[in-house]
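# Observations on chain architecture
One-letter residues, chain by chain:
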Amino acid sequence: RGERLHIALFGKRNAGKSSMINALTNQNIAIVSDQKGTTTDPVYKAMELLPLGPVVFIDTPGIDDEGELGKLRVSKAKEVLAKTDVALLIVDITAGFSDSEDSLLKELKERKIPAIVLLNKMDLLEENHNKLVETIKTLYDDPVVPVSASSKSGIDQLKELLGTYEPQQEEERRIVADFIEPSDFIVLVVPLDKAAPKGRL
């Protein structure tokens, strides 16, 4: 799982994070509910996402959760940033932006984590939304993609955009890199399987 692209989904409660995972994978792998706070802990799902290949989706609790327990959930969501290659910020376009989304985008920029802003539930807007989308694009440096998790509009465009990203190479994934220098002589000791049939080894 460590070598896969880690795609974390952030957003307020009921913004459509779980629905977005289902739309991207074309499977019902994440629980969807109208009740706020369905996702209470980060959930990791290793999947194959065409045409990108193997990825890990991370579904997170709402970044606007309230109360003492809600603060703990928000803290858990923020911890996911350390494992994130690409962040998808899901915004319920019918509710608009809030300080929660702006604050998260600033933190992503500080951590140099690429982000994509997804304007979800575009199908619920009655008026022509092209001007609204263009206005929002001028406010943010990150890519802005209008989508609908329910109708799956904009999902193909999102997949193409995700295909341009690669997993971050983390030094801690290199098991013995700190111990080996060029031209070092290495002896690899391999334990033998005593249960193997005679003559096989």
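In the block above lies the structure referred to throughout.
First things first, this report covers the structure right here in the doc. Only a predicted model underlies this, so the values are computations on that prediction, with no experimental measurement involved.

## As for helix α2 (residues 67-79)
- With 13 residues, α2 ought to run about 18 Å at 1.5 Å a step, and its terminal C-alpha atoms sit 19 Å apart, in line with that.
- Of all the residues in α2, the buried ones are Gly70, Val74 and Ala77. Buried residues of α2, viewed axially, fall in a sector of 55 degrees; they line one side. In α2, the exposed positions that point more than 90 degrees away from the buried face belong to Glu68, Leu69, Lys71 and Leu72.

## So, unusual backbone geometry
- Although it is not a glycine, Lys121 sits at a positive phi angle of roughly 70 degrees.
- Tracing the chain through its elements places Lys121 in the loop between β5 (115-120) and α4 (130-139).
- A positive phi angle is found at Lys152, which is not glycine, with a value near 65 degrees.
- Its place among the elements puts Lys152 in the loop between β6 (144-146) and α5 (155-162).
- The class for Lys152 is partly exposed, based on a relative accessible area of 38%.

## Notes on helix α3 (residues 99-110)
- For α3, which comprises twelve residues, the first-to-last C-alpha distance of 16 Å matches the rise-based estimate of 16 Å (1.5 Å per residue) to within 8%.
- Restricting attention to buried positions, one finds in α3 the residues Glu101, Leu104, Leu105 and Leu108. An end-on view of α3 places all buried positions within 100 degrees of arc, on one side of the element. Turned more than 90 degrees away from the buried face of α3 sit Asp99, Lys106 and Glu110, all of them exposed.
- Residues of α3 that are buried sit in contact with β1 (5-11), α2, β4 (86-92) and β5.

Cut-offs applied
- Throughout this document, residue positions are counted from 1 along each chain, in the order its sequence is written.
- Residues qualify for local features only when their pLDDT is at least 70, as the model is predicted, and side-chain atom pairs are given and counted only at 80 or more; totals for whole chains, interfaces and linings, by contrast, use all residues.
- No hydrogens and no water enter the side-chain calculation; it runs on all heavy atoms of the structure.
- Per the convention used, a helix needs a DSSP run of H or I reaching at least four residues, while a strand needs a run of E reaching at least two, with both numbered from the N terminus.
- Take the residue count of a helix, subtract one, and multiply by 1.5 Å to get its expected span.
- For every residue, the accessible area obtained with a 1.4 Å probe (protein chains only) is divided by the maximum for its type, and the residue is called buried under 20%, exposed over 50%, and partly exposed between those limits.
- Think of it as the arc spanned by the lines of direction from the helix axis to the C-beta atoms.
- We call two residues in contact whenever any of their non-hydrogen atoms come within 4.5 Å of each other.

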